[in-house]
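What follows is the residue order along each chain.
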Amino acid sequence: MKWKNDQAAWGWVSISLHWIMALMAIGLFLLGKYMMTLDYYHPLYQRLPDLHRSLGVLFALLLVLRLLWRWMNPLPVIQASPGERVLALLMHRLFYLVMATIVASGYLISTADGHPLALYGGLELPALVSGVDNLEDRAGAMHGFLTWLLAGMLVLHAAAALKHQYIDRDHSLSRMLGMYPGRREK
């Protein structure tokens, strides 16, 4: 498999970023929802938010890398009707926007009090915005809403991939798994 995209299929860098970020998004979602069930006296009450924030920053870095990689590589041809192609491109742009906004709102939740965002390993990200009334609550509401929106989008995305693979038989899922039968290695 090639490392870069071409007109026929995704390269292994795009495929790897796609699946790693999908698994991270699901894991961060489940971790975040679980954290909200813990009471103050639970032994993981302090530890899981640190893990969630650290993984969130890693997710943000992968998102930046993914956007740069996408900008520098051609998109494989979308094998669908013109309307489906437009819908697919809009949905992917919405994915990036929602993911970036989730990251930004998570950062604002953690730094709303003016303290830096502490990560595992002793790293800190400075608080860039503070002193805004109810910033933590407003960012938290946005973060919560957008995580549910992203979860719904992921379900729709998976359903569309299965529909294209098994009903339309256009190999969409095979291409994102790196198993596209029409690709020729050079």
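Note that the structure is predicted; figures quoted are calculated from it, not measured. (Residues numbered from 1 in each chain as written. Predicted model: local features only at pLDDT ≥ 70, side-chain atom pairs only at ≥ 80, totals over all residues. Heavy atoms only, no water.)

A few points about the packing of aromatic side chains
Line of reasoning, step 1. Within the structure shown, the criterion is met by four aromatic pairs.
Line of reasoning, step 2. Measuring from centroid to centroid gives 4.9 Å for Phe29 and Trp148, while their planes differ by 85°, and the two rings are edge-to-face. Here Trp148 lies in helix H4 (residues 135–166) and Phe29 lies in helix H1 (residues 12–35), a separation of 119 residues in the sequence.
Line of reasoning, step 3. Overall, the relative accessible area of 18% leaves Phe29 in the buried class.
Line of reasoning, step 4. Among the aromatic residues, those joined into a ring-pair cluster are Tyr40, Tyr41 and Tyr45.
Line of reasoning, step 5. When the ring centre of Trp3 is taken as reference, the NZ or CZ atom of Lys4 above it lies at 5.8 Å. (Phe/Tyr/Trp six-rings, centres within 6.5 Å; stacked < 30°, edge-to-face > 60°. Helix = DSSP H or I, 4+ residues; strand = E, 2+ residues; numbered from the N terminus. Buried < 20%, exposed > 50% of the residue type's maximum accessible area, 1.4 Å probe, protein only. Lys NZ or Arg CZ within 6 Å of the ring centre and 35° of its normal.)

A look at a nonpolar patch on the surface
Line of reasoning, step 1. On the surface, a nonpolar cluster with roughly 330 Å² of combined accessible area is contributed by Leu51, Leu55, Leu58 and Tyr120.
Line of reasoning, step 2. Relative to the helices and strands, Tyr120 is located in the loop between strand S1 (117–118) and strand S2 (124–125).
Line of reasoning, step 3. For Tyr120, a relative accessible area of 46% puts it in the partly exposed group. (Patch = residues over 30% accessible without salt bridge, like charges linked within 9 Å, V, L, I, M, F, W, Y side chains within 5 Å. Areas by Shrake-Rupley, 256 points an atom, 1.4 Å probe, with all protein chains shown as cover. Salt bridge = Lys/Arg side-chain N within 4 Å of Asp/Glu carboxyl O.)

So, the environment of Leu125
Line of reasoning, step 1. Turning to its location among the elements, Leu125 is positioned in strand S2.
Line of reasoning, step 2. Residue classification places Leu125 among the partly exposed positions, given a relative accessible area of 32%.
Line of reasoning, step 3. In this structure the C-alpha to C-alpha distance between Leu125 and Tyr34, which are 91 residues apart in sequence, comes to 25 Å.
Line of reasoning, step 4. Apart from the residues within four sequence positions on either side, Leu125 is in contact with Val57, Tyr107, Pro116, Leu117 and Leu119. (Contact = heavy atoms within 4.5 Å.)

Comments concerning the nonpolar core
Line of reasoning, step 1. Counting 18 residues, the largest nonpolar core has Met21, Phe59, Val98, Met99 and Leu150 as the members making the most contacts within it.
Line of reasoning, step 2. The set of elements that each furnish at least two residues to this core consists of H1, helix H2 (47–72), helix H3 (82–111) and H4.
Line of reasoning, step 3. When residues in this core are grouped by element, the largest group, six residues, is from H1.
Line of reasoning, step 4. Leaving out residues up to four positions away in the same chain, Val98 has contacts with Leu146, Leu149, Leu150 and Met153. (Core = buried A, V, L, I, M, F, W, Y, C linked by side-chain atoms within 4.5 Å.)

Considerations on the environment of Gln7
Line of reasoning, step 1. Among the secondary structure elements, Gln7 is positioned in the segment before H1.
Line of reasoning, step 2. Spatially, the C-alpha atoms of Gln7 and Tyr96 are 22 Å apart, while their sequence positions differ by 89 residues.

Some thoughts on the side chain of His143
Line of reasoning, step 1. By the element assignment, His143 lies in helix H4.
Line of reasoning, step 2. Owing to a relative accessible area of 16%, His143 belongs among the buried residues under this scheme.
Line of reasoning, step 3. At 2.9 Å, the side chain of His143 and the side chain of Ser105 are in polar contact. (Polar contact = N/O pair within 3.5 Å; in protein donor to acceptor, adjacent residues only side chain to side chain.)

Remarks on the confidence of the model for the protein
Line of reasoning, step 1. Taken as a whole, the protein shows an average pLDDT of 90; of its residues, 96% reach a score of 70 or greater.
Line of reasoning, step 2. The lowest-confidence element of the protein is helix H5 (residues 172–176), averaging 81 in pLDDT; the highest-confidence one is H1, averaging 97. (pLDDT = per-residue confidence, 0-100.)

Examining unusual backbone geometry
Line of reasoning, step 1. Positive phi outside glycine occurs at Asn134, with the angle close to 55°.
Line of reasoning, step 2. Here Asn134 is to be found in the loop between S2 and H4.
Line of reasoning, step 3. In this structure, Arg169 is a non-glycine residue whose phi angle is positive, near 55°.
Line of reasoning, step 4. Within the secondary structure, Arg169 is located in the loop between H4 and H5.

As for H4
Line of reasoning, step 1. When the terminal C-alpha atoms of H4 are compared, their 46 Å separation across 32 residues agrees well with the 46 Å that a helix rising 1.5 Å per residue should span.
Line of reasoning, step 2. What H4 keeps buried is the set Leu135, Ala139, His143, Leu146, Thr147, Leu150, Met153, His164 and Gln165.
Line of reasoning, step 3. Along its buried surface, H4 packs onto H1, H2, H3 and H5. (Expected span 1.5 Å × (residues − 1).)

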